[in-house]
Amino acid sequence: MRSSKLLIAVSVTALVLCLGLPSFAADGAATFKAKCAACHGAEGQGKVGPALKGTSKTADEIVTLLTTGDEGKKPPHKKAMGGLAADDAKAVADYVKSLK
Ligand code: HEC
């Protein structure tokens, strides 16, 4: 009896944490692997695209590049990247900044 109440309390707490903190939902590492690694390398070491680890760009600049694009850049960054929600862009930018 006691332990099942505890189990419910733990489940409810976990659910509240998941729903209440959407930033946890956006997984920067997973997004990077799915949408960036093909061109920038699994470790951000660079491939078709330039190396991203140790980039001088700030996380905010990366978010802007991904969500609005930059006319002066080559594809795919001339335009906003498709299928990337704002919180995904933020998470992946933070992930890029964490690469060393
Ligand atoms: C189809 C290949 C491709 C994909 C996919 C791609 N990129 Fe790029 N990326 C490039 C190329 C090519 C450049 C260089 C563009 C230029 O300098 O004109 C670039 C440039 C960049 C730059 C600027 C680097 C600098 O120092 O100026 C950042 C930041 C970046 N990409 C982040 C990402 C992120 C994050 C993702 C995933 C959400 C991603 N890219 C997906 C090819 C790609």
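Residues numbered from 1 in each chain as written. Predicted model: local features only at pLDDT ≥ 70, side-chain atom pairs only at ≥ 80, totals over all residues.

Novice: Go over the overall build of the protein chain with me, naming the residues and quoting the values.
Specialist: Assigned secondary structure in the protein chain consists of 5 helices and 0 strands. Ordered by position from the N terminus, the helices and strands of the protein chain form the series α-α-α-α-α. Put simply, the protein chain has 100 residues, and 18% of those count as buried. (Helix = DSSP H or I, 4+ residues; strand = E, 2+ residues; numbered from the N terminus. Buried ≥ 20, exposed ≤ 12 C-beta atoms within 10 Å, placed from the backbone.)

Novice: I'd love a proper account of helix α5 (residues 86-98), names of residues and values included.
Specialist: If you check α5, its first and last C-alpha atoms are 19 Å apart, about what 13 residues at 1.5 Å a residue would give, namely 18 Å. Every buried residue belonging to α5 is among Asp88, Ala89, Lys90, Ala91, Val92, Ala93, Tyr95 and Val96, and all of these are buried. The inward-facing, buried residues of α5 abut α2 (28-35) and α4 (59-68). (Expected span 1.5 Å × (residues − 1). Contact = placed C-beta atoms within 7 Å.)

Novice: Describe the packing of α2 against α5, with residues and values.
Specialist: Packing of α2 against α5 brings their axes to within 8 Å, and their N-to-C directions diverge by 90 degrees. Compared by their axis directions, α2 and α5 come out roughly perpendicular. Packed against α2, whose contacting residues are Gly28, Ala29, Thr31 and Phe32, the element α5 presents Asp88, Ala91, Val92, Asp94, Tyr95 and Val96 at the interface. Each residue belonging to the contact of α2 with α5 can be placed in one class, and the counts come to 6 nonpolar, 2 polar and 2 charged. (Axes fitted to C-alpha atoms, helices over the stretch in contact; angles between N-to-C directions. Parallel < 35°, antiparallel > 145°, perpendicular 65-115°, else oblique. Nonpolar A, V, L, I, M, F, W, Y, C, P; charged D, E, K, R; others polar.)

Novice: Pulling in residues and values, what's your account of unusual backbone geometry?
Specialist: Here the amide bond leading from proline 75 into proline 76 is cis, since omega sits at 5 degrees, within 30 degrees of zero. Considering the arrangement of structural elements, one finds proline 76 in the loop between α4 and α5.

Novice: Describe the nonpolar core, and please don't skip the residues or the numbers.
Specialist: Inside soluble globular proteins, nonpolar side chains tend to come together where they are buried. Ranked by size, the top nonpolar core spans 12 residues in total: Phe32, Cys36, Leu52, Ile62, Val63, Leu66, Ala89, Ala91, Val92, Ala93, Tyr95 and Val96. Residue assignment for this core shows that the elements contributing at least two residues are α4 and α5. With residues up to four places along the chain from it excluded, the contact list for valine 92 reads Gly28, Thr31, Phe32 and Cys36. (Core = buried A, V, L, I, M, F, W, Y, C linked by C-beta atoms within 7 Å.)

Novice: How would you explain α4 if you had to name every residue and give the values?
Specialist: Buried residues of α4: Ile62, Val63 and Leu66, and no others. Here the buried residues of α4 occupy an arc of 100 degrees about the axis, which is enough to place them on one side. Where the residues of α4 are buried, they touch α5. Within two residues after α4, glycine 69 carries a phi angle of roughly 80 degrees, on the positive side. (Arc of directions from axis to C-beta.)

Novice: An account of the environment of leucine 99 is needed here, citing residue identities and associated values.
Specialist: Considering the arrangement of structural elements, one finds leucine 99 in the segment after α5. When the C-alpha positions of leucine 99 and leucine 52 are compared, they lie 7.8 Å apart, and in sequence the two are 47 residues distant. The residues touching leucine 99, leaving out its near neighbours within four places in the chain, are Glu43, Gly44, Leu52 and Lys53.

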